[in-house]
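What follows is the residue order along each chain.
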Amino acid sequence: TGKDVAAVSFDWGGYLDKHNTPAASVSSFRHVPLSDKWDDIREGIKVEILNTKTTFHARAYWIATVIKLAGYNVKLRYEGFEEDSSQDFWCNLGSADIHPIGWCAVNSKLLVPPQSLHQQLEDWKSYLMKRLVGAHTLPVDFHMMLTEAMRCSFRHGMRLEVVDRALVSQTRLAMVDTVIGGRLRLLYVEGGQVAKDQVYADFWCHKYSPLVHPVGWSKSVGHLIKDTESPGQSSATSKQLFDSFPSMFKKPRTVYMEGGFFKEGMKLEAIDPLNLGNICVATVRKVLLDGYIMVGIDGVEIGDGTDWFCYHASSHAILPTGYCEKNDIPLTLPPEQDSATFSWAKYLEETGAIAAPKRLFNTDEVGHSITPGMKLEAVDLMEPRLVCVATVERCVGRLLLLHFDGWESEFDQWVDCESPDIYPVGWCELHTYQLQPPVSKEPLQGQERKKTNRQYSGK
Ligand code: MLZ
């Protein structure tokens with residue numbers, strides 16, 4: 001699984017200090033714990049935290065002030081150090097050692113100042129009294145709210161439908177194996193049990209990902225699903241498996257198909273699902289029900305439809321023609337086209353196609369507070385077990401171009417600002433999920449995934 005205690009130790013705080021970069025706020029990620037409560041968590045609040053700088057025999061605590069926020073991590077300074085930053089330290093707010101002011105009194109814990117302050121703070125009780133006047137702290141029930149928010153209704157053994165990573169134009173029946181932080185480790189199933197042909201032993205997907213659906217979805221929208229249910233076998237073993245409910249998934253927003261909808265053959269620009277750093281010239285290949293369409297990338301299609309990819313009409317991965325030019329994004333062209341001479345007008349004429357009307361795209365600007373340079377934790381969607389240290393490279397409307405620290409730009413990915421695959425700094429530590437630290441610059445080993453590799457990585 002993604003759990004690995006050793007690797008939980010990436011020093012985000014030291015990394016941010018060294019590079020002097022900000023981290024995106026927890027409130028920017030609507031799908032993460034306490035995102036909606038983050039207004040109360042700000043610089044200047046005071047907390048009670050385990051005192052690691054004392055020789056006192058029992059577990060003692062001391063007051064500290066939040067000097068800096070970086071996602072779920074806070075930089076703290078023990079009360080009494082005043083302007084002296086030399087002893088500042090980082091801590092994850094999910095840590096069991098950090099509490100709101102008043103917790104020690106209620107739980108009969110000792111407040112003891114750090115050893116080096118004993119001399120200066122002879123009367124530390126009255127010192128504290130003065131310092132605490134008007135101070136804000138964490139919500140009293142912070143840890144309870146956090147535990148509550150980290151709950152997930154998906155369970156081991158639940159069945160769902162998910163894109164078939166070996167053949168992206170079809171879905172496949174899978175079961176939930178592990179759940180961590182709303183992310184599901186999935187195993188394909190066949191005849192009521194784990195399929196023997198697991199090409200990808202580890203397939204992680206967030207529960208709100210557009211790649212997962214309740215059982216029966218494919219049939220209901222007319223999407224191809226791999227036929228894996230052999231009636232004879234299924235009854236005996238399938239007892240441990242049970243279906244997820246549609247309400248557990250993210251419902252795409254309703255689209256109105258009256259007055260014209262996407263039609264087969266219409267051209268558009270689309271994020272290549274297998275090269276997420278590329279926005280490409282693409283074609284609507286098939287219109288399914290409920291607002292779903294199958295899209296093919298021009299010039300690289302195999303020709304049998306097996307590389308078509310399903311997008312909902314409201315998806316931010318499909319864009320109207322001209323979007324890239326307007327926003328100064330290099331458009332990935334079919335191989336035979338020349339970037340020096342390409343124009344959409346000419347291309348449409350050559351191919352005898354029409355552009356999908358702009359009004360069909362979901363171009364609502366949500367206004368987010370993520371800006372270039374911010375750090376976050378992001379899933380490498382080509383190897384979705386990996387949650388990696390990443391930097392926001394560009395922001396174009398709702399889209400963010402993410403760069404994985406230490407990796408070549410070939411690995412960059414465009415994601416929507418509300419993607420469930422991006423998380424604030426400290427999210428992995430909060431969930432004890434392994435975070436992939438940046439690879440060191442020299443030598444760039446094993447970075448052989450190239451733009452031409454249109455397939456998921458194994459493992
Ligand atoms: N072994 C893989 C790892 C890539 C992970 C990159 N994550 C940003 C490869 O080299 O393709």
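Residues numbered from 1 in each chain as written. Predicted model: local features only at pLDDT ≥ 70, side-chain atom pairs only at ≥ 80, totals over all residues. Heavy atoms only, no water.

J.: Help me understand the overall build of the chain, please; the structure alone is not making it clear to me.
T.: A tally of regular secondary structure across the chain gives nine helices and 25 strands. Its C-alpha atoms put the chain at 85 × 60 × 50 Å along the principal axes. Across the 459 residues of the chain, 52% fall into the buried class. Partitioning the intrachain contacts of the chain with sequence separation of at least 6 by distance along the chain shows that 65% fall at a separation of at least 24. When the accessible surface of the chain is split by element, carbon and sulfur atoms take 53% of a total near 21,800 Å². Here the chain carries 48 positive and 58 negative side-chain charges, and the mean point of each set is 4 Å from the other. (Helix = DSSP H or I, 4+ residues; strand = E, 2+ residues; numbered from the N terminus. Buried < 20%, exposed > 50% of the residue type's maximum accessible area, 1.4 Å probe, protein only. Contact = heavy atoms within 4.5 Å. Areas by Shrake-Rupley, 256 points an atom, 1.4 Å probe, with all protein chains shown as cover. Lys, Arg positive; Asp, Glu negative; His and termini not counted. Charge placed at Lys NZ, Arg CZ, Asp CG, Glu CD.)

J.: What's the story with the pattern of salt bridges in this structure? I'm lost.
T.: Oppositely charged side chains are able to pair whenever their charged atoms sit close together. Within the structure shown, the criterion is met by 17 salt bridges. Between glutamate 148 and arginine 151 there is a salt bridge, with its nearest N and O atoms 3.1 Å apart. The partly exposed category is assigned to glutamate 148, whose relative accessible area is 49%. Two residues, aspartate 416 and arginine 398, come together in a salt bridge whose shortest N-O distance is 2.8 Å. (Salt bridge = Lys/Arg side-chain N within 4 Å of Asp/Glu carboxyl O.)

J.: How do you make sense of the side chain of serine 218 when you look at a structure like this?
T.: With respect to the helices and strands, the residue serine 218 is situated in helix H5 (residues 217-221). In this structure serine 218 comes out as buried when scored by relative accessible area, which is 0%. At 2.6 Å, the side chain of serine 218 and the side chain of glutamate 161 are in polar contact. Polar contacts involving the side chain of serine 218 include one to the side chain of threonine 171, which spans 2.6 Å. Excluding its chain neighbours within four sequence positions, the residues that come into contact with serine 218 are Glu161, Thr171, His223 and Ile225. (Polar contact = N/O pair within 3.5 Å; in protein donor to acceptor, adjacent residues only side chain to side chain.)

J.: Would you take a moment to explain the state of the cysteines for this structure?
T.: Disulfides are covalent bonds that connect the sulfur atoms of two cysteines. Applying the stated criterion across every chain yields a total of zero disulfides. Free cysteine: cysteine 280, not disulfide-bonded; nearest cysteine sulfur from cysteine 324 at 8.6 Å. (Disulfide = S-S within 2.5 Å.)

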